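# A look at the structure
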Amino acid sequence: MSLTNETKEIIKATVSIIEKNEAELTKRIYPLLFTRDPAMKIFFNRDHLRKGTQPRAFIGSIIEYAKNIDNLDAIKPLINDIAEKHAALNIKPVQYTIVNICLLEVFGKALGTRGTHVVKKAWKEAIEDLANIIIKAETRKYEETLAKEGGWKGFKKFTITNKENESAMITSFYLEPTDGKTIVIGKAGQYINMMLDVPERGTVFRNYSLSSSPNSNYYRISVKREENGLVSNYLHDILSQGDKIKLSPPYGSLYLKETDKPAVLISGGVGITPMISILQDAVKQQLTRQIYFIHGARNKNTHAFKDDVVTLTADHDNVNHHFFYSRNSVKSADTEPGRITMNSVKDIASHQKDAEFYLCGPAQMMKDLYRELINWGVNQNNIVYEYFGPKRDIIG
């Protein structure tokens, strides 16, 4: 059911109040939700909640919807990203009910004296409308995945068949379906959601980018050991060959567009994982478009997949690589000391503003590069990035 013009006008007239109280809303929404429905806790990364990235992303998405309520096409990319993440978690429509109730309660308090019965009714309709839009997008994702060979919905059991150290901090895990059946082939650059039962913590979920060229036999993820990281340390130290885990099908919006434009793949640290997948697949498909692979790491000891990248680019004139080491580095044939800068990106990409730029790495790196790319004159539609926090952390 479409929103009435009256409802839209009320939302537009009061969204500034919600935006003004955004910080307070981000503090209130999840404690209230978890009090009302403790079972919802398992779907959220505690670190993302503690840092505030998840609450900011949640409230920020509602504000974006409200501000674009007359032109919802403007938030299609946002809706798609939310639907991808929710599909990877196997979110169900019934779970929106309690979320909507909690949102209305905190929004009502934020509206204060402006929160008349009519205004609250309008926000109820708007919140339910946004939920229905996302639910429809999720349903399409589920249906599209099930229609593919080897597709499934929810979580499927996999076996760890191999572990390989890629650097001092990153280990790859090769994951094959326990039932031996064909698995759905995702797009290079996408991620899977892993469901784990961790002792003394219970069920937890984590997203990990696939780090190999898509195939129907196995998935590979490459995980950085994070200091105090619950899941990363559990994977590195406890799980081994033969252990079982559960995975969602691949989802995500970071993958090469089907164009002939030059592609500039820029990564930092463990952000190399989707980029190596994209590079491997591009070479496998014998793409003729120009591809620039730019990666930054602390030093050679923390640099994963260096030999793979060098080998992949060696025999293809349209593919080249450039590495940057921020610590203890000297200039060499393919490595520069220091961090990736906008000037270095321009030089490597031959100052081609019409290229496509793909970003994955630390938030600050992506934020700086995104803004500098925009200031340089790159069309925002030609910038693709993977970030699990609020979009505004990157684009401002």
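These lines cover the structure that appears in this document, whether it is placed above or below.

The rules we used
Residues numbered from 1 in each chain as written. Predicted model: local features only at pLDDT ≥ 70, side-chain atom pairs only at ≥ 80, totals over all residues. Heavy atoms only, no water. Helix = DSSP H or I, 4+ residues; strand = E, 2+ residues; numbered from the N terminus. Rg over C-alpha atoms; globule rule 2.2 N^0.38 Å. Buried < 20%, exposed > 50% of the residue type's maximum accessible area, 1.4 Å probe, protein only. Areas by Shrake-Rupley, 256 points an atom, 1.4 Å probe, with all protein chains shown as cover. Expected span 1.5 Å × (residues − 1). Contact = heavy atoms within 4.5 Å. Phe/Tyr/Trp six-rings, centres within 6.5 Å; stacked < 30°, edge-to-face > 60°. Lys NZ or Arg CZ within 6 Å of the ring centre and 35° of its normal. Pairing = 2+ DSSP bridges. Axes fitted to C-alpha atoms, helices over the stretch in contact; angles between N-to-C directions. Salt bridge = Lys/Arg side-chain N within 4 Å of Asp/Glu carboxyl O.

### Side note on the overall build of the chain
Across its full length, the chain holds 13 helices and 12 strands. Here the C-alpha atoms of the chain give a radius of gyration of 22 Å, agreeing with the 21 Å that 2.2 N^0.38 yields for 396 residues. Dimensions of the chain, computed from the C-alpha atoms along their principal axes, are close to 65 × 50 × 40 Å. Taking all 396 residues of the chain together, the buried fraction comes to 52%. For the chain, the exposed surface amounts to about 19100 Å²; the carbon and sulfur share of it is 48%.

### Focus: unusual backbone geometry
A positive phi angle, near 65°, is found at Asn 228, a position not held by glycine. With respect to the helices and strands, Asn 228 occurs in the loop between β5 (219–224) and α8 (230–237). A positive phi angle, near 65°, is found at Phe 305, a position not held by glycine. Looking at the element boundaries, Phe 305 is found in the loop between β8 (291–297) and α10 (306–314).

### Details of helix α12 (residues 363–376)
Along an α-helix, a turn takes 3.6 residues, which lines up residues three or four apart on a common side. The end-to-end C-alpha distance of α12, which contains 14 residues, comes to 20 Å, matching closely the 20 Å that a straight helix rising 1.5 Å per residue would cover. Residues of α12 that are buried make contact with β7 (263–268), α11 (342–348), β11 (356–360), β12 (383–385) and α13 (392–395). The first or second residue beyond α12 is Gly 377, which carries a positive phi of 115°.

### Topic: the packing of aromatic side chains
In this description, a pair of aromatic rings is defined by centroid distance and the angle of the planes. Throughout the structure, instances matching the rule amount to 12 aromatic pairs. Taken together, the aromatic side chains of Tyr 30, Phe 34, Phe 44 and Phe 58 make up a single cluster linked through ring pairs. Across from the ring centre of Tyr 142, 4.4 Å away, lies the NZ or CZ of Lys 153, which sits over that ring.

### Quick notes on the sheet that holds strand β9 (residues 319–325)
Pairing between the strands of a sheet comes from backbone hydrogen bonds, and it takes one of two forms, parallel or antiparallel. The strand order across the open sheet built from six strands is β10-β9-β8-β7-β11-β12, with neighbouring strands paired in parallel fashion. Looking along the sheet, the strands with just one partner apiece sit at the ends: β10 (335–337) and β12. The mean inter-strand angle of the sheet, taken between neighbouring strand axes irrespective of direction, is 20°. Pairing between β7 and β11: five bridges, direction parallel. Counterpart to Val 264 in the pairing with β11 is Phe 357.

### Topic: the pattern of salt bridges
One pass over the full model with this rule turns up 14 salt bridges. Notably, a salt bridge pairs Arg 50 with Asp 47, separated by 2.4 Å at the nearest N-O pair. In this pair, Arg 50 and Asp 47 are both assigned in helix α3 (residues 46–51), three residues apart and thus about one turn of the helix distant. Of the residues examined, Arg 50 reaches a relative accessible area of 63% and is grouped as exposed. Here Asp 47 ties to Lys 51 by a salt bridge, and the two come within 3.3 Å at their closest N and O atoms. Of this pair, Asp 47 and Lys 51 both sit in helix α3, four residues apart, roughly one helical turn.

### Notes on the side chain of Asn 299
Residue position: Asn 299 is located in the loop between β8 and α10. With near-sequence residues (within four places) excluded, Asn 299 lies in contact with Tyr 325 and Arg 327.

These results come straight from atomic positions and should not be treated as a statement about function.
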